[in-house]
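Observations on the three-dimensional arrangement
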Amino acid sequence: MAVDAARTQEGFTSASAARVMGAACRAAGLDDRDAELIRLGENALFRLASVPVIVRVARGEEWLPKARTEVAVSRWLAGEGFQAARIIEDLEQPFLIDGHPVTFWHLIVEGDRKATYGELGRALRDLHSLTVPEGLVLPSFAPFDKQQLRLDRAVIPDEDKVFLRKRWRELQDKYAELKFDTPKGPVHGDAHVQNLMVNDQGRVILIDFEAFCYDHPEWDLMVTAVEHHSLGWQTDEQYADFVAAYGRDLYDWPGYETLRGIQEFGMTTWLMQNVQEDEETAAEYRRRIAGLRNDDAPRDWRPW
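Quick caveat: nothing in here was measured; it's all calculated off a predicted structure.

What follows deals with the packing of aromatic side chains. Given two aromatic rings, their pairing is described by the distance between the two centres and the angle made by the two planes. Summed over the entire model, instances satisfying the criterion amount to eleven aromatic pairs. A ring pair is formed by W76 and F212, whose centres lie 6.2 Å apart and whose planes are at 80 degrees; its orientation type is edge-to-face. Of the two residues, W76 sits in helix α2 (residues 64-80) while F212 sits in the loop between β9 (204-206) and β10 (213-215), which places them 136 residues apart along the sequence. The pair W76 / F212 is uniform in exposure class, with both members buried. Taking 4.4 Å as the distance between ring centres and 20 degrees as the angle between the ring planes, the aromatic pair formed by F141 and W219 counts as stacked. Note that F141 is positioned in the loop between α3 (117-128) and α4 (147-153) and W219 in helix α6 (residues 218-229), a separation of 78 residues in sequence. The same class applies to F141 as to W219, namely buried. One aromatic cluster is present, formed by F141, F144, Y175, F180, W219 and W253 through successive ring pairs. Sitting over the face of the ring of F163, R293 holds its NZ or CZ atom 4.5 Å from the ring centroid.

Tracing the backbone through its elements, the reader meets D160 in helix α5 (residues 158-176). Of the residues examined, D160 reaches a relative accessible area of 8% and is grouped as buried. When the C-alpha positions of D160 and E89 are compared, they lie 43 Å apart, and in sequence the two are 71 residues distant. In contact with D160, other than residues within four places in its own chain, are Y285, I289 and R293.

For strand β4 (residues 53-58), the buried fraction is high: six of the six residues fall into the buried class. Taking every second residue as pointing to the same face, both faces of β4 are buried, with V53, V55 and V57 on one and I54, R56 and A58 on the other. Strand direction decides the pairing type here: strand β3 (residues 43-47) and β4, joined by five bridges, are antiparallel. Each bridged residue has a counterpart across the sheet, and for A44 the counterpart in β4 is V57. Here β3 folds back onto β4 in antiparallel fashion, the turn holding five residues. Pairing of β4 with strand β6 (residues 100-106), which is carried by five bridges, proceeds in the antiparallel orientation. Paired with V57 across the strands is V102, a residue of β6.

Turning our eyes to something else, we now look at unusual backbone geometry. Each neighbour pair has its own omega, and for Q93 with P94 the value is -5 degrees, a cis peptide bond. With a phi angle near 65 degrees, D34 is a residue other than glycine that sits in the positive phi range. Following the sequence through the fold, D34 ends up in the loop between α1 (14-28) and β2 (36-40). Here D34 falls in the exposed class, since its relative accessible area comes to 70%. With phi around 50 degrees, D98 is a residue other than glycine that occupies positive phi space. Looking at the secondary structure, you find D98 in the loop between β5 (95-97) and β6.

Conventions we followed
- Residue positions within a chain follow its written sequence, with the count starting from 1.
- Under the rules for a predicted model, residues below a pLDDT of 70 receive no local features and side-chain atom pairs below 80 are neither given nor counted, while totals for whole chains, interfaces and linings still include all residues.
- As a rule here, side-chain values cover all heavy atoms of the structure and leave hydrogens and water aside.
- Between the rings of Phe, Tyr and Trp (Trp by its six-membered ring), a pair exists once the centres lie within 6.5 Å; its type follows the angle of the planes, with under 30 degrees stacked, over 60 edge-to-face, and the other angles tilted.
- The secondary structure listing takes helices from DSSP runs of H or I that are at least 4 residues long and strands from runs of E that are at least 2 residues long, numbered from the N terminus.
- Each residue gets one of three labels from its accessible area relative to the maximum for its type: buried under 20%, exposed over 50%, partly exposed in between, using a 1.4 Å probe on protein chains only.
- By definition, being over a ring means that NZ of Lys or CZ of Arg is both within 6 Å of the ring centre and within 35 degrees of the ring normal.
- The contact definition used throughout considers only heavy atoms, calling two residues in contact when any of these lie within 4.5 Å.
- When DSSP finds at least two bridges between two strands, those strands are taken to pair.

Structure (structure tokens):
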């Protein structure tokens, strides 16, 4: 469903996303008053106060195919009985508002604890064991598909853009040489523990299907492996629980260093999109790009 309006030229900020969210709610017949911004990343996520609904606003029309994939994956996983985020079924989705794809999701009421790394490992093991139906067409994993847009639009110093474009080309060369020894299947594409929620009934629920694809499972193991071995974001016990639950430690795979480079690059360019929001974000971006400039230096990056 599309709504005709002049596309905003000011870039994707919390304020511009809120305006798109309001227009989408009016088109959907929902009340956006007192909606709360709960996250600004690749998308802006808003929680409505009037009904238990999350509104997801993407950065631009280029993300429309991904929004369509999210909707299709949610419907498929619901049919499989897999515990995952659910779209609002009685709306024609995605909406396209001022050039921004918008989707509406059932609110997940969180319980009193966060998901564990063992639960993440089990969720990924179960997901990877599913068979994608013939009618569901999924893309391959595309580690570089957003980078050109990010670099073109980012408000960062030119010297940073020169460095990042050079690193991007180097990683693409290394990526072309990767050899996988696992069969392809359903892959979440952004499988960090924050994309796993525990609801108020204790159910562990997988969320965020924007990067969902059909590819090798290593892409899902990459995130937690890099967070542990490179960034030190988990304790040894937490990571051991993840490995035991899934059954594999990607660190032992010859392609790990290439995937590490791809993951760290993506984490940095993801954050750089929001350097104009506040100084805290800008400072973390500077910390991350300094790390990319020295592969052997310890990473003091902060979770975001």
